[in-house]
Each structure stands twice: as C-alpha cells, then as structure tokens.
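# Summary of the model geometry
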Amino acid sequence: MIPIMRLSSPSRSARLAAATALLAIAGMLGLVGCGGDTAASAGTGPRIVVTTAPLGALVRDVVGDRAQVDVLIPANLDPHDFQPSAKDAQRLADADLVVVSGAGLEGGMQQSIDQARQDGTPVFDASAHVRLRTLDEHDHEGEEEGDHGHDHGAEDPHYWLDPVLMGDVAVALAPALKEHAGLDVTARARAVRARMGDLVAQMDGMIAAVPQADRVLVTGHDSLGYLADRFHLTVVGAVIPSLSTQAEPSAAQVADVVATIRRTHAPAIFTEVSTPKAVVD
C-alpha cells in the first residue's frame, strides 16, 4: 500500500510516527493492495491451486513442502476484476484441490471456478469458514444519513486482514487437504493458528504506541474493516466507498472524504494499486 501523507495537524512529527506505525502493521499482514507474491512453491506431490496471494501464503504454511502450491492472481493485480486466461482455467481443472477466497472477491474468475467444480475438481471456499462482516450504515464515521453510495449490507470479502480468522481458515482447511490431497496436516494447521494468535499480540503492542486520536484509517476502498474491527481502529472514509474497486466515486463522495480527512486529521491514506491516482491526489 502507498501512504499518501496528509499531515495537517500541528503535531506533524507525532502524526508521521502514527502513520508509520500503521504502515508497519499493514506490512506485517502483507497488504500490497489485494495482491502479493504468486510464485509456485517448491514442494512436490499434490497440486493445490489458490486464487489469491494471502490465501496462498497461508496454504504454503499449512502444507510445507508436501504439496505444490500455485497462486493464480499475479502480484499487484486486483482480484476484484482479474480475468483468468485459458491456461489459468486449465490449472484450475488439473488441481487436486482449489482454494478460493470466496464472498465474491474473485469476481471475473467465478465462472472458471464454477466450471472446474462442475467438472469434478474439489473447491474449498475459505469464506464459508469465517464469520463475514457486512458493510452497514455506521462503517464510516461521519457518513451522511441517507447516503446510498456504499455497499450497505454486502458481505466483506477482505477477511484475511484479521489474523484470527485466517487461523480459523487454516484449521478448517486441514480436513479438505486430507480428503482431497491425502495430506495429514492437522498439527501444522493448529501451529499456524497459534502463530496467528502471537501475531495479534504483537500487533496489539504496536498499536498501543499510536495515540488514540490517530487510530483512524482512510482507505483506497472499503478493504480494512476486519483490521479495524480486530484492532479497535476506526475507518473514517474510503476513496472508493465500496467493497469492490470496480465502483467509481462521485464528486460528492470525494468531497466527503476530503472533508473527513480535514476534520479527523487522518495521518495517511492507505491506497491500493487500483485506487485512482487522480482522485487520491
């Protein structure tokens, strides 16, 4: 993510420190937009195909070198509008197990995923094993009553930003790996969940150093809700007020975000590769 500094507070150095701390937290979770590293693992054995990079990292941790793990969506591409190639569709069809993020995140890949499932490829939908949050009328502080520019009531697919939920996914994945890939990784999955708990404790310590007034986030789109919920941060606005980057902000919505930044003195804008640069500027 790219920090766009908007330091309008008299205490510039303090707010810069707050923004830096929040960026460090984002880095710990591997927040590079919605993308990330897509290199195939060096393992042998069953082939596990994963749609997104955050899930790919989790699957690699769970299986170790006992399986090949391929991630379909390349680094720095937006999964909301990624369109698979014929080669990608074949990789889905040839997999021993496909692991998808679900909750609508894959967007343009859904038809290929559905086709692979219909052709007999087992598909593990990670979103079915977590409690999904929904975007409601109170997700953005200061939102005008009656504003219908947001995806109110829609399920938020960005759950990988909560380490606790990712730990739950790891444990839920283990039986699917045993059934479809012949891998007994229960112990490794539980160890991954334990490490996620350690990560939460580490991040809590980092956030404790950020003044309460600076624990505010302005995001590229509505992507950091799980992070905010887990670590008691406040999302005050989004450049694209939608759970999908395919939406386009109106002039009124951009004006609302500018006013929110001025009112809250938010120390940074956390943008993504798909956030329109002109709007952020």
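Starting from 1, residues in each chain are numbered consecutively following that chain's sequence as written. Thresholds applied to this predicted model are a pLDDT of at least 70 for local features of residues and 80 or more for the giving and counting of side-chain atom pairs; totals over whole chains, interfaces and linings are not thresholded and use all residues. Think of the side-chain values as coming from all heavy atoms in the structure, minus any hydrogens and water.

Relative to strand β3 (residues 68-71), strand β2 (residues 47-50) runs parallel, the two being bridged by 4 bridges. Within β3, the residue paired with Arg-47 across the bridge is Gln-68. Place the viewer so that the strands point away; then a crossover is right-handed whenever the path from the first strand over the helix to the second strand goes clockwise. In this text, helices come from DSSP runs of H or I with a minimum length of four residues, and strands from runs of E with a minimum of two, each type numbered from the N-terminal end. Viewed along the sheet, the connection from β2 through helix α2 (residues 53-63) into β3 turns out right-handed. Any two strands with at least two DSSP bridges between them are considered paired. Here β2 pairs with strand β4 (residues 97-100) via 3 bridges, running parallel. Along β4, the bridge assignment pairs Ile-48 with Leu-97.

What follows covers helix α4 (residues 110-118). Burial classes follow relative accessibility: with a 1.4 Å probe on protein chains only, a residue under 20% of its type's maximum area counts as buried, one over 50% as exposed, and anything between as partly exposed. Every buried residue of α4 is listed here: Ser-112, Ile-113 and Ala-116. Considered in projection along α4, the buried side chains sweep an arc of 100 degrees and stay on one side of the axis. Residues Gln-111 and Gln-118 are exposed on α4 and point more than 90 degrees away from its buried face. Two residues qualify as a contact provided that any one of their heavy atoms is within 4.5 Å of a heavy atom in the partner residue. Considering only its buried residues, α4 is in contact with α3 (86-94), β4 and β5 (123-125). Within two residues after α4, Gly-120 carries a phi angle of roughly 105 degrees, on the positive side. Of all possible arcs, the one meant is that of the directions from the helix axis to the C-beta atoms.

The salt bridge definition used is simple: a Lys or Arg side-chain nitrogen within 4 Å of an Asp or Glu carboxyl oxygen. Across all of its chains, the model carries 8 salt bridges by this definition. The partner of Arg-133 in a salt bridge is Asp-156, and the shortest N-O contact between them spans 2.7 Å. One end of the pair, Arg-133, is in the loop between β5 and α5 (163-181); the other, Asp-156, is in the loop between β5 and α5, with 23 residues separating them in the sequence. Taken together, the shared-partner salt bridges in this structure form one network comprising Arg-133, Asp-156 and Asp-229.

Okay, the packing of aromatic side chains next. In this scheme Phe, Tyr and Trp rings, the latter by its six-membered ring, pair at centre separations within 6.5 Å, and the angle between planes marks the pair as stacked below 30 degrees, edge-to-face above 60, and tilted otherwise. Tallying each qualifying case throughout the model produces 0 aromatic pairs. Two conditions define a charge sitting above a ring: the NZ of Lys or the CZ of Arg must be within 6 Å of the ring centre, and it must be within 35 degrees of the ring normal. A cation over a ring is seen here: Arg-133 above Tyr-226, with NZ or CZ 5.8 Å from the ring centre.

Here the focus is the packing of α3 against α4. Simply put, an axis is a line fit to the C-alpha atoms, just over the touching stretch for a helix, and the angle between two N-to-C directions goes from 0 to 180 degrees. The interhelical angle for the contact between α3 and α4, taken along N-to-C directions, is 35 degrees, at an axis separation of 9 Å. Regarding α3 and α4, the two cross each other, and that crossing is right-handed. Contacts between α3 and α4 involve Ala-89, Leu-92 and Ala-93 from the former and Ser-112, Ile-113 and Ala-116 from the latter. Rotating anticlockwise by less than a right angle from the far helix to the near helix defines a left-handed crossing, while the corresponding clockwise rotation defines a right-handed one.

With that settled, the discussion passes to the confidence of the model for the chain. What pLDDT reports is the predictor's confidence in each residue, on a scale of 0 through 100. For the chain, per-residue confidence averages 80 on the pLDDT scale, and residues scoring 70 or more make up 75% of the total. Per-residue pLDDT, averaged within each element of the chain, yields its smallest value for strand β1 (residues 2-5) (40) and its largest for β5 (97). pLDDT under 50 marks residues 31-37. Its contacts with residues more than four places away, or in other chains, come to 28 contacts. Low pLDDT, under 50, characterises residues 142-149; the predicted model gives this stretch 10 contacts beyond four residues in sequence or across chains.

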